[in-house]
Amino acid sequence: MAGADGNAKLRAASPIYGVTIPEGYRQWELIAPAEEAAPLNELRAVLGNAAAIKAYRQGTLPFPDGTVLVKLAWKHVQSPEFESASVPGAATTVQVMVKDSKKYAATGGWGFGRFVDGKPADEAQHQTCFACHEAGVRGHDYVFTRYAP
């Protein structure tokens, strides 16, 4: 896969699903921010590719194949400059969902990737992805995040 600088890069793939961190995802549009309470205490931002943004804006469910969602997470810390503000601290994970209804038919059409410092988490962590989404948001095409216009 060619990198932004034109050089070929190898991207580590998640176990089970083979999902990678998409190139250029930091330029994608924001779908919604979130705050995760204890014990994680994280600030999160979910970004989406063009297919995701279009589906959210049109209220399309299920999401179309080709939809990719990326969740960035950081430790939640108090701003040193502004007492009442929270800001991102250390990065914790990058999590990716890829919609391919044929490839991932057994998991509601979604493939999952969880990455720490750019490296995929172990297989045991990936085995928990679909079960959590299935239990919590089956009726929303297995996606927790709602669009924040």
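Parameters at a glance
- Residues numbered from 1 in each chain as written.
- Predicted model: local features only at pLDDT ≥ 70, side-chain atom pairs only at ≥ 80, totals over all residues.
- Heavy atoms only, no water.
- Salt bridge = Lys/Arg side-chain N within 4 Å of Asp/Glu carboxyl O.
- Helix = DSSP H or I, 4+ residues; strand = E, 2+ residues; numbered from the N terminus.
- Polar contact = N/O pair within 3.5 Å; in protein donor to acceptor, adjacent residues only side chain to side chain.
- Contact = heavy atoms within 4.5 Å.
- Pairing = 2+ DSSP bridges.

**Student:** Give me the pattern of salt bridges: which residues, what numbers.
**Tutor:** Going through the model one piece at a time under the given rule, you end up with six salt bridges. Among the salt bridges present, the one from R11 reaches E23, with a minimum N-O distance of 3.7 Å. Highlighted residues: R11 in the segment before β1 (29–36) and E23 in the segment before β1, separated in sequence by 12 residues. Residues joined in a network through salt bridges with shared partners are E36, E42 and R44.

**Student:** Quick one: what's the story with the side chain of S14, residue by residue and with numbers?
**Tutor:** With respect to the helices and strands, S14 occurs in the segment before β1. At 2.9 Å, the side chain of S14 forms a polar contact with the backbone oxygen of F112. Excluding its chain neighbours within four sequence positions, the residues that come into contact with S14 are V19, F112, G113, F115, P120 and H126.

**Student:** Help me get a handle on the pairing of strand β4 (residues 86–99), residues and values and all.
**Tutor:** A regular strand carries its side chains on alternate faces of the sheet. Pairing between strand β3 (residues 68–78) and β4: 10 bridges, direction antiparallel. Bridge pairing in β4 places W74 opposite A91. Relative to strand β5 (residues 110–116), β4 runs antiparallel, the two sharing six bridges. Bridging from a neighbouring strand, V94 pairs with F115 of β5.

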